[in-house]
Amino acid sequence: MTYILTEPPLAEPVTLAEVKAHLRIDHADEDALLAGLIQVARLHLERETGLCLLVQGWRLCLDDWPDDGVVQIVRAPVRTIEAVSVYDGLGQVVHPALTGHVLDANRQPARLWLSSRPLPGRAINGIEIDFTAGFGETGAEVPASLIRAILLHVAHMHAFRGVVALDEQPAGVPDGYGRLVAPYRMRRL
């Protein structure tokens, strides 16, 4: 199971102005650094929780259909299934109809069941499922605790900006971060 980002989010869930207000910075000297820290904080949170904060496009690649026919999609919240492609042994693509499919997007991981599941002919990544996921187009649609976690994380990384380079972030997370994101973490056994 491989996930490929096909369409990154068009913005970040928190703006540069929000971060500067949070940090009480009124100059533009560190705008580029802060923008980079915002992105690092978002990516870290998304990796840790499996969430997509803002709407983005993804492709899930599978070798074969699950035995029970239910595909689990760990990127959440899933908004829509855009397309399903199945490749035969010659590389020709078949697009099963999406009519009659069932998407349980209220669960994490989300579950997808298709009424038509042609068998792939390729041994590896013979099935591709394109979908969109995310809370919404703007940070206003992202849960407040996740926005707060990003602001705390950016402030923490900003405090250590002279010690840890941007390309080596995140070097750590601040106190309280774990409690803010805990309800959104995926539980695994």
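Note that the structure is predicted; figures quoted are calculated from it, not measured.

In this structure the tally under the stated criterion is two aromatic pairs. Centroid distance Tyr3 to Trp58: 6.5 Å. Interplanar angle 75 degrees. Geometry classified as edge-to-face. Of the two residues, Tyr3 is situated in strand S1 (residues 2-7) and Trp58 in strand S2 (residues 56-62); the sequence distance between them amounts to 55 residues. Residue class for Tyr3 comes out buried when judged on its relative accessible area of 18%. Seen from their ring centres, Tyr3 and Phe131 are 6.4 Å apart, and the 90 degrees between their planes marks the pair as edge-to-face. Pair noted here: Tyr3 is in strand S1 and Phe131 is in strand S8 (residues 127-133), with a separation of 128 residues, a long-range link. Taken together through their ring pairs, the aromatic side chains of Tyr3, Trp58 and Phe131 make up a single cluster. Its guanidinium or amino end placed over the ring of Trp58, Arg75 lies 4.5 Å from that ring's centre, counting from NZ or CZ. Against the face of Tyr87 rests Arg122, its NZ or CZ located 4.0 Å from the ring centre.

This part is about a negative patch on the surface. Taken together, Asp63, Asp64, Asp67 and Asp68 make up a surface patch of like negative charges. By the secondary structure assignment, Asp68 is in the loop between S2 and strand S3 (70-73). Using a relative accessible area of 56% as the deciding quantity, one classes Asp68 as exposed.

A separate point is unusual backbone geometry. In the segment running from Ala76 into Pro77, the intervening peptide bond is cis, with an omega of -10 degrees. Looking at the element boundaries, Pro77 is found in the loop between S3 and strand S4 (78-87). Residue Pro109 follows Gln108 across a cis peptide bond; omega there is 0 degrees. Relative to the helices and strands, Pro109 resides in the loop between strand S6 (102-104) and strand S7 (110-113).

Strand order in the open sheet made by the three strands is S3-S7-S6, with antiparallel pairing throughout. Of all strands in the sheet, those with a lone pairing partner are S3 and S6, marking the two edges. Strand-to-strand, the axes of this sheet are offset by a mean angle of 20 degrees, without reference to chain direction. The sheet contact formed by S3 and S7 spans four bridges and is antiparallel. Its bridge partner lying in S7, Ile73 is registered against Ala110.

Mapped onto the fold, Arg179 is located in helix H4 (residues 177-181). Sequence separation of Arg179 and Val74 is 105 residues, and the distance between their C-alpha atoms is 21 Å.

Reading the values: rules and limits
Residues numbered from 1 in each chain as written. Predicted model: local features only at pLDDT ≥ 70, side-chain atom pairs only at ≥ 80, totals over all residues. Heavy atoms only, no water. Phe/Tyr/Trp six-rings, centres within 6.5 Å; stacked < 30°, edge-to-face > 60°. Helix = DSSP H or I, 4+ residues; strand = E, 2+ residues; numbered from the N terminus. Buried < 20%, exposed > 50% of the residue type's maximum accessible area, 1.4 Å probe, protein only. Lys NZ or Arg CZ within 6 Å of the ring centre and 35° of its normal. Patch = residues over 30% accessible without salt bridge, like charges linked within 9 Å, V, L, I, M, F, W, Y side chains within 5 Å. Areas by Shrake-Rupley, 256 points an atom, 1.4 Å probe, with all protein chains shown as cover. Salt bridge = Lys/Arg side-chain N within 4 Å of Asp/Glu carboxyl O. Lys, Arg positive; Asp, Glu negative; His and termini not counted. Charge placed at Lys NZ, Arg CZ, Asp CG, Glu CD. Pairing = 2+ DSSP bridges. Axes fitted to C-alpha atoms, helices over the stretch in contact; angles between N-to-C directions.

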